[in-house]
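Results of the structural survey
Below, each chain spelled out in residue letters.
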Amino acid sequence: MASCERGRVGESLCAPAAAMGMVVPSALAVAVAVAMALALPSVALENGLARTPPMGWLAWERFRCNVDCRADPHNCISERLFFEMADRLAEDGWRELGYQYINIDDCWSAKQRDAMGRLVPDPERFPSGIKALADYVHAKGLKLGIYGDLGKYTCGGYPGTTLDYVKQDAQTFAEWGVDMLKLDGCYSSEEQQAKGYPEMARALNATGRPIVYSCSWPAYQGGLPPKVNYTILAENCNLWRNYDDIQDSWDSVLSILDWFFTNQDVLQPAAGPGHWNDPDMLIIGNFGLSYEQSRSQMALWTVMAAPLLMSTDLRSISPSAKEILQNRLMIQINQDPLGIQGRRIVKEKSHIEVFLRPLSQAASALVFFSRRTDMPFCYTTSLAKLHFPEDAVYEVQDVYSRKIISGLKAGDNFSVVINPSGVVMWHLRPTTLPVQPWHVVRQQAHSEGLHPVLL
Ligand code: GLA
């Protein structure tokens, strides 16, 4: 555990948390959240896919719509990029950790459909065709994702999938051996989207090929009810982009975080096995994030039960970025089988925030996040103050430092030192029986097919 200078568990040198203006969820907020969760029907797109958040690599944030292969053959959107990235995923330890999908984004296709009306890849940049790429990827034990757009054009101006092409395009993707489809929403109306997204879900199912379905639908409707119906989304899509595109900057990461956690009462119950909120790609390994910020993105995406889709150059990634992305305990938490999305449970006046994700077997993950811009901050609290059951005892492991604290009692004060724009992340396992009531409630809710919420 990180602890303040000379501080130890139960013997903190910092000011008590109560003096820092801790905000915890009120009983009313909790009751409302429970009621909302119980009101949600348990129906979901039961295509058996994405039981845990999908993991892999997606071209867009890092490689965009760079189609100039003459000037930039190493980085342009071409089969070479995907062959090379597949090699890296298979050879550098990614695949074994669960990073399975290698996903093409926009700008892969020719500017026109062929004479039969089929989508075709750009012949110069993908001379072997998508089927050959899929075969190559599959031979490496990986899966291939592709990008389409429910509209006249893709966002990059390539041929889109208007309603009359939905079935044909689903069939084409299936014939090519595609394993995931990201269906964007540029150049389509609200009505076309309301019709087209469910239609594509049916068309994909009708192909008989298991294809994970990622919908950008809510992102085009503001991401919130009443325009967005999360029950309908979960019935149709395995994951969905709710909000703006991520860019290579900390500001962008923060704006995404703010939106997701400000709206957590709506978004958190919508996620679960087979249906996930997608706050967009991991930009770790690129240019916009410091080391601390990279660790924060990884921890916070994990607490959100977000898909882990890296968008970085795996051919030249730094050892430190790789270490963050390949943190085993982090991935285990992200992939927890219960699939409960975490929530922000504390927002301090000191600009420290605490997030909690409940995990299977009554374990949980805590993230202590600092929005401060001065210096490492010594934050003192106790598990009881974070609403853990009073009589419980925990074994804690720091997810990044791997240090273990045994015998942490809920009532013990402890301190963590959190760097500016950084996190401390803990994995907690109760060592006392019986399983505490707040976990039992969630797990019962889960086994009844309901969306459990954090109490
Ligand atoms: C939209 C999507 C991005 C990316 C681009 C491609 O902006 O949200 O993720 O797919 O289109 O043009």
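What this report covers is the structure whose coordinates are included nearby. Model, not experiment: these values are computed from the prediction.

What sets the pattern is the α-helix's 3.6 residues per turn: residues three or four places apart point alike. End to end, helix H7 (residues 190-207) covers 26 Å across 18 residues, agreeing with the expected 26 Å (1.5 Å per residue, within 8%). What H7 keeps buried is the set Gln193, Gly196, Tyr197, Pro198, Met200, Ala201, Ala203, Leu204 and Thr207. Contact partners of the buried residues in H7: helix H6 (166-176), strand S4 (180-184), strand S5 (212-215) and helix H8 (230-236). Where H7 ends, the next residue or the one after it, Gly208, has phi of about 80°, a positive value.

Moving on, we come to the site of the ligand. Within the structure, the ligand sits among Trp60, Asp105, Asp106, Tyr147, Cys155, Gly156, Lys182, Asp184, Arg241 and Asp245. Asp105 places a side-chain nitrogen or oxygen 2.6 Å from an oxygen atom of the ligand. One of the side-chain N or O atoms of Lys182 is found 2.7 Å from an oxygen atom in the ligand. Across the complex, the protein chains shield 90% of the 310 Å² of accessible surface that the ligand would expose by itself.

To continue, consider unusual backbone geometry. Here the residue pair Pro225 and Pro226 is connected by a cis peptide bond, since its omega of 5° sits within 30 degrees of zero. With respect to the element layout, Pro226 can be found in the loop between S5 and H8. Phi is positive for Asp280, close to 95°, though the residue is something other than glycine. Within the secondary structure, Asp280 sits in the loop between strand S7 (276-278) and helix H11 (291-303). At Ala305, a position not held by glycine, the phi torsion is positive, near 55°. Exposure remark for Ala305: the relative accessible area of 0% places this residue in the buried category.

All right, on to the packing of aromatic side chains then. A complete count under the given rule lists 20 aromatic pairs for this structure. Ring centres 5.5 Å apart and planes at 85° place the aromatic pair Tyr153 and Tyr187 in the edge-to-face group. Here Tyr153 is found in the loop between strand S3 (143-149) and H6, whereas its partner Tyr187 is found in the loop between S4 and H7, with 34 residues between them in sequence. The exposure class of Tyr187 is exposed, given its relative accessible area of 51%. On the numbers, 5.9 Å between centres and 75° between planes, the contact of Phe368 with Phe414 is edge-to-face. Taken together, the residues span a long stretch of sequence, with Phe368 in strand S11 (residues 364-370) and Phe414 in strand S15 (residues 413-418) at a distance of 46 residues. For the pair Phe368 and Phe414, one class covers both residues: buried. Among the aromatic side chains, those forming a connected cluster through ring pairs are Trp57, Phe63, Phe82 and Phe126. One Lys or Arg, Arg62, reaches over the ring of Phe63 and ends 4.7 Å from the middle of that ring. The residue whose ring lies beneath Arg295 is Tyr400, and the NZ or CZ to ring-centre distance is 4.2 Å.

Reading the values: rules and limits
- Residues numbered from 1 in each chain as written.
- Predicted model: local features only at pLDDT ≥ 70, side-chain atom pairs only at ≥ 80, totals over all residues.
- Heavy atoms only, no water.
- Helix = DSSP H or I, 4+ residues; strand = E, 2+ residues; numbered from the N terminus.
- Expected span 1.5 Å × (residues − 1).
- Buried < 20%, exposed > 50% of the residue type's maximum accessible area, 1.4 Å probe, protein only.
- Contact = heavy atoms within 4.5 Å.
- Near = heavy atom within 4 Å.
- Polar contact = N/O pair within 3.5 Å; in protein donor to acceptor, adjacent residues only side chain to side chain.
- Areas by Shrake-Rupley, 256 points an atom, 1.4 Å probe, with all protein chains shown as cover.
- Phe/Tyr/Trp six-rings, centres within 6.5 Å; stacked < 30°, edge-to-face > 60°.
- Lys NZ or Arg CZ within 6 Å of the ring centre and 35° of its normal.

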